[in-house]
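Structural characterization, general
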Amino acid sequence: MPQSRNLLRVLTRRSEGPLLLCLLAVIGFFALASDTFLSVRNITNVLGQASLAMMAGIGVAIVFISGEVDVSCGSLLAAVAIPLIVVMNATNSLALGIAAALALGGVVGVVNGFLAAYLRINSLIVTLGTLFVLRGGVYLYTGQTAIPDDAGLESFFQLGNGRLAGVLPYPAVAALVLLLVFAYVMGHRPFGRHVFAAGGNPDVARLAGYDVPRIKFAGFVVSALLATCAGIMLASRLGSAVHVAGLGFEFQVVAAVVLGGVSLSGGVGSLFGMALGVLILSFLANGLGMLDLATEWQLVVTGAIIIAAVSFDEFKRRQKL
Amino acid sequence: MLSDPHSPALAMQGIGKQFPGVVALADVDLTLTGGQVHALIGENGAGKSTLIKILAGVYQKDSGSIRIGGVEAELRTPRDALRLGIKVVFQEIALIPEFTVAENIFLERHPVNRIGSIAWGKLRADAKALFDRLGFAVDPGARARDLPISTQQMVEIARALAHEARIVVMDEPTSSLTPKEVALLFTVIRRLKSLGIAVVYVSHKLDEIFEIADTVTVLRDGRHISTKPVAAHTQDSLIQDMIGRRIEFLFPRARGPARSDVLLSVRGLSTKDKLRDVSFEVRAGEVFGFFGLLGAGRTELAKAIVGFDPIRSGEIAIGGQPLRPHDTRTGVALGIGLLTEDRKTEGLMLEQSVQHNMSLAALGGFAVAGFVQEARERSAVQGFVDRLRVRTPGLDRPIRDLSGGNQQKVLLSRWLLRGLKVIVVDEPTRGIDVGAKSEIFALIDRLAGEGHAVVMMTSEMPELLGLSDRIAVMANGRITATMPRADATQEGLLSAAIA
Ligand SMILES: Nc1ncnc2c1ncn2[C@@H]1O[C@H](COP(=O)(O)OP(=O)(O)OP(=O)(O)O)[C@@H](O)[C@H]1O
Ligand SMILES: [Mg+2]
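If you're wondering where the values come from, they're calculated on a predicted model, not measured in any experiment.

If you tally the helices and strands in chain B, you get 18 helices and 22 strands. For 499 residues, the compact-globule formula gives about 23 Å, and the C-alpha radius of gyration of chain B, at 23 Å, lands near that figure. Referenced to the eigenvectors of the C-alpha coordinate spread, the extents of chain B come out at roughly 70 × 50 × 45 Å. The buried share among the 499 residues of chain B stands at 55%. Counting contacts in chain B only where the partners sit at least 6 residues apart, residues at least 24 apart contribute 66% of the total.

Residues and elements named next belong to chain B. Domain annotation for chain B reports domain 1 (10-243) and domain 2 (262-497). One C-alpha centre belongs to domain 1, the other to domain 2, and the line joining them spans 30 Å. The interface formed by domain 1 and domain 2 holds two salt bridges in total. Across the salt bridge formed by Glu460 and Lys205, the nearest N and O atoms sit 3.4 Å from each other. Along the contact surface separating domain 1 from domain 2 lie six residue pairs in polar contact (both at pLDDT 80 or more). Mapped onto the side of domain 1 that touches domain 2, the elements with two or more residues apiece are helix H5 (149-162) and helix H8 (235-243). No other element matches the three residues that H8 contributes to the side of domain 1 that touches domain 2. Classifying every residue of the side of domain 1 that touches domain 2 gives seven nonpolar, 10 polar and five charged.

For the rest of this paragraph, the subject is the sheet that holds strand S12 (residues 278-283) of chain B. Residue and element names in this part refer to chain B. Taken in spatial order, the four strands make up an open sheet running S12-S11-S14-S15, and their pairing is antiparallel. Edge positions in the sheet fall to S12 and strand S15 (321-322), since each has one partner strand and no second. Here five bridges tie strand S11 (residues 262-270) to S12, and the two strands are oriented antiparallel to one another. Of the residues in S12, the one forming a bridge with Val262 is Arg283. Here helix H9 (residues 298-305) sits on the sheet and contacts S11, S12 and strand S14 (313-318); the angle it forms with S11, its principal contact strand, is near 115°.

Now for the environment of B:Pro173. Residues and elements named next belong to chain B. Position of Pro173 relative to the elements: it lies in the loop between strand S7 (167-171) and helix H6 (179-194). Distance from Pro173 to Ala362, taken between C-alpha atoms, is 33 Å for residues 189 residues apart in sequence. Once you skip the residues sitting within four places of it in the chain, Pro173 turns out to touch Gln153, Ile157, Leu185, Tyr201 and Val202.

We now examine the site of ligand 1. Residues and elements named next belong to chain B. With respect to spatial proximity, 21 residues lie near ligand 1, and among them Lys48, Ser49, Thr50, His204 and Ser403 are the closest. In the environment of ligand 1, an oxygen atom lies 2.9 Å from a nitrogen or oxygen atom belonging to the backbone of Gly47. In this structure, His204 approaches ligand 1 through a side-chain N or O atom, which is 2.8 Å from an oxygen atom. Out of a free accessible area of 640 Å², ligand 1 has 93% covered by protein chains. Only strand S2 (22-33), helix H1 (48-55) and helix H15 (404-418) provide two or more residues apiece to the shell around ligand 1. Looking at the shell around ligand 1, its residues break down into six nonpolar, 10 polar and five charged. Residues lining the shell around ligand 1 come from more than one domain, with at least three contributed by each of domain 1 (10-243) and domain 2 (262-497).

Our focus in this paragraph is helix H13 (residues 271-290) of chain A. Residue and element names in this part refer to chain A. An ideal rise of 1.5 Å per residue puts 28 Å on 20 residues; H13 measures up with 29 Å between its terminal C-alpha atoms. In terms of burial, H13 is a largely internal element, 16 of the 20 residues being buried. Just downstream of H13 lies Asp292, where phi reads positive at about 60°.

On to the confidence of the model for chain A. All names here are of chain A. Averaged over every residue, the pLDDT of chain A is 89; residues scoring 70 or more account for 93%. Taken together, the stretch residues 1-5 has pLDDT below 50 and engages in zero contacts with residues farther than four places along the chain or on a different chain. For residues 7-13, every residue scores under 50 in pLDDT, and the model assigns this stretch eight contacts once sequence neighbours within four places are set aside.

Let's shift gears to the pairing of strand S21 (residues 470-475) of chain B. Residues and elements named next belong to chain B. Of all the six residues making up S21, five are buried; the element is thus mostly covered by neighbouring parts of the structure. Sheet topology note: the strand S13 (residues 287-292)/S21 ladder contains five bridges and is parallel. Looking at the pairing, Gly292 lines up with Met474 of S21. In the sheet, S21 pairs with strand S22 (residues 478-484) via six bridges, with the strands oriented antiparallel. Note on S22: the bridge partner recorded for Met474 is Ile479.

For the rest of this paragraph, the subject is the packing of helix H8 (residues 170-188) of chain A against H13(A). All names here are of chain A. Taken N-terminus to C-terminus, the directions of H8 and H13 make an angle of 145°; their axes are 9 Å apart at the nearest point. Two secondary-structure elements touch here, H8 through Leu179, Leu180, Phe182, Ala183 and Met186 and H13 through Leu271, Phe272, Met274 and Ala275. A class-by-class count of the residues in the contact of H8 with H13 yields nine nonpolar, no polar and no charged.

Residue and element names in this part refer to chain B. Here we have six strands laid out as an open sheet, ordered S16-S19-S20-S13-S21-S22, and mixed in their pairing. Looking along the sheet, the strands with just one partner apiece sit at the ends: strand S16 (336-339) and S22. Neighbour-to-neighbour, the strand axes of the sheet open up by a mean angle of 20°, direction not taken into account. Both S16 and strand S19 (residues 422-426) contribute to a ladder of four bridges, which runs parallel. By the bridge assignment for S19, Leu339 is matched with Val425. Along the sheet, H9 contacts S13, S16, S19, strand S20 (453-457) and S21; its crossing angle with S13, the most-contacted strand, is approximately 140°.

As a further point, take the pairing of S2(B). Residues and elements named next belong to chain B. Here strand S1 (residues 8-19) runs beside S2; their pairing, made up of eight bridges, is antiparallel. The residue bridging Leu10 from the neighbouring strand is Leu32, located in S2. From the end of S1 to the start of S2, which pair antiparallel, there are two residues, and Gly21 there has a positive phi angle of about 85°.

Okay, the interface of chain A and chain B next. Facing the 24 residues of chain A at the interface are 24 residues of chain B. Across the interface of chain A and chain B, roughly 2000 Å² is buried in total on both sides, 57% from carbon and sulfur atoms. The largest per-residue losses of area from chain A upon contact with chain B belong to A:Arg193, A:Val204 and A:Leu207, which jointly make up 28% of the total buried on that side. Linking chain A with chain B are one salt bridge, by the criterion used here. A salt bridge links B:Glu103 to A:Arg193, with the shortest nitrogen-to-oxygen separation between them at 2.6 Å. Here chain A is connected to chain B by nine residue pairs in polar contact (both at pLDDT 80 or more). A per-element tally of the side of chain A that touches chain B places helix H9 (residues 190-200) of chain A first, with six residues.

With that out of the way, let us pick up the pattern of salt bridges. Residues and elements named next belong to chain B. One pass over the structure, following the stated rule, counts 29 salt bridges over all chains. Between Lys128 and Asp132 there is a salt bridge, and its shortest N-O distance comes to 3.3 Å. Of this pair, Lys128 and Asp132 both sit in helix H4 (residues 120-134), separated by four residues, roughly a single helical turn. Close ionic contact of Asp445 with Arg255 constitutes a salt bridge, the shortest N to O distance being 2.8 Å. With Asp445 in helix H16 (residues 434-449) and Arg255 in the loop between H8 and S11, this residue pair connects regions lying 190 residues apart in the sequence. In terms of burial, Asp445 and Arg255 fall into one category: buried. Taken together, the shared-partner salt bridges in this structure form one network comprising Lys87, Glu108, Glu156 and Arg159.

Thresholds, definitions, all that
- Residues numbered from 1 in each chain as written.
- Chains lettered and ligands numbered in written order.
- Predicted model: local features only at pLDDT ≥ 70, side-chain atom pairs only at ≥ 80, totals over all residues.
- Heavy atoms only, no water.
- Helix = DSSP H or I, 4+ residues; strand = E, 2+ residues; numbered from the N terminus.
- Rg over C-alpha atoms; globule rule 2.2 N^0.38 Å.
- Buried < 20%, exposed > 50% of the residue type's maximum accessible area, 1.4 Å probe, protein only.
- Contact = heavy atoms within 4.5 Å.
- Domains from an automatic or database assignment.
- Salt bridge = Lys/Arg side-chain N within 4 Å of Asp/Glu carboxyl O.
- Polar contact = N/O pair within 3.5 Å; in protein donor to acceptor, adjacent residues only side chain to side chain.
- Nonpolar A, V, L, I, M, F, W, Y, C, P; charged D, E, K, R; others polar.
- Pairing = 2+ DSSP bridges.
- Axes fitted to C-alpha atoms, helices over the stretch in contact; angles between N-to-C directions.
- Near = heavy atom within 4 Å.
- Areas by Shrake-Rupley, 256 points an atom, 1.4 Å probe, with all protein chains shown as cover.
- Expected span 1.5 Å × (residues − 1).
- pLDDT = per-residue confidence, 0-100.
- Buried area = accessible area lost by both parts, 1.4 Å probe.

Encoded structure:
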């Protein structure tokens, strides 16, 4: 008994604890409610779907922790697919296509970071702006249709649709690797701690000799590059550059990041928390879909859960004070 | 290479600095010598913190030169200053709230292992060793935000020593330390001296200057007034240099004896964490002082009786009317208000103007039919700015731009403007210069004379003895003794506080 109570304490002390319990509760509920939910096929499918939000979520969480906001990832997802497909169609090379996509993503990150971190323009406004500009640009370039992949490279197809050992989708593998790498960076490399410090108290960080704008700038660039990775995976899955790809994606990501305990005011949060947030929302959407609940109701339930979870966090924090 | 400990470690010459509308510094010199403590004193707004911020690379000087070890130094960013061995402990405490104490200490330079990962074990061990060496009892694993101000201050000081600084600057380091902690700090400063480190020490507490400093530089209105060995000064000559006049009585007393009507009555007050069965009454015209060591529960008491914090049991009455606990609205309506100890987080709206900060609690009084009469508000605010000699470039300036002591004066005025029956002040003179202190004492005396009740929490024994009518001593959340001032002695108070 005391053993299990200890375990419970460890779980509830770390901010990830309640999230993990919440995820297990969601999985448990749907496992009982539906007999196909717990199949290997379904679980790995959900992981595959969750991986895009997870990749982009890493970047968004880092930007949030640094005390800024990034909501541009939805349009970026669609935008980077264009250079990817166009270059691939022209050169027949996956590597060049990916390089082109990363170049566009990098430029967007640099622009976001320059405006928000160096010129100190409110980052919500800046990234909302890029969200609109990119989506508009995509519509203009594509003429509101999809650009199909004519090169038909097997490697490109495998990227989003293949499975490791035939089980785990590659995007899920990539998301997991990126998660571990960035969790290590944020928790154990000086750079990661600088990000926390810049968001936790920028004045202190500056006095300690940090280049706060550069730290925040780096956050925006990393965020855009990770969203680019998600965009490449999505394009592979769709087999084309789709003009409406990623519509509303930024809201899913922000919701998951906030659900995962990352503070909107900076300095607080963990990437594992964010990942759990993504998984909870993904399993919830999948499970509710299986129960034949109308999408309208799925939205209502998801929204209610986010509000409840964030309120719970807030109450717990206040109690401590 | 070992340098001569008595050669000038740093020389600032002809330093000038302007802010829009203010000349903060004009032609100021400061020469520091290794192994010496150089005190920097002056009124609120004299320019002490500005000079230090230039040294720290936070502000850029407009004119003048800074030479370190004979070489012209460019201090463009805090990083430049750190690289040149200058470490500043700022007036406003500067820790990352979510980080542990150990991580805050090594914020400038996280120790890393071979592959560049942060060496958490070494970080904690180094912090622990540092605290042991300094004799500070602080848990390196504690989160900074969970610590009281005094402990955060000690962490700040430890932080300065964690890096091989050649010049350590402390801006009012003792403003939230207990006498015991101050003694500890002085031991640390003497150790720094023996290591050949140059120390700059800013304080408004003159007795500290005489105890620890070798040399004193006085600034007034941004100008350099004098630099002398401390032995060449007396208390009076220092004050004379600082404010350009003499102070006859630090604790003026013009009021008569307290009246008989009770304005504040507290019965059997207990809170969840700290307070146990606290009862006292304060009458109109009375200054009721609370003494206690840090952690005795004075701040908790202050917050509970104004309705800021919840209570577990007990009754509070203002002028005979019961106060609903944990409800500052009725508290203010009944006429009780608190001047908080922690002005930065609980008192000030940093980005808002001096005027709005001061008139916050009194706006209703300036309103006609729901509209605030700007002109009346302004003239009332201006009145207090003049009376307390608040140094501000204008009433519309954000209060962030004021010096620390002047911010405190604005906060005190907030309640004076509101016209309260009972005023609770928690460490009212923290960071305030001698001139303004005597103004504030005179003001408290006058308020009591006008029939207000004043509850004063302070760890400054002379203030307590100089100003109170009665004194209560707290220890561990209880009142351990209550005595009229005539019966109080320093020894008596201390022994009751330790009980
Ligand atoms: N960032 C700023 N913008 C505008 N004015 C400023 C700024 N910082 C300081 N000042 C002004 O410069 C003058 C000197 O301020 P400073 O903080 O150096 O005083 P101080 O001697 O440290 O006073 P205290 O004892 O109250 O801490 C003050 O009049 C203050 O209002
Ligand atoms: Mg100052």
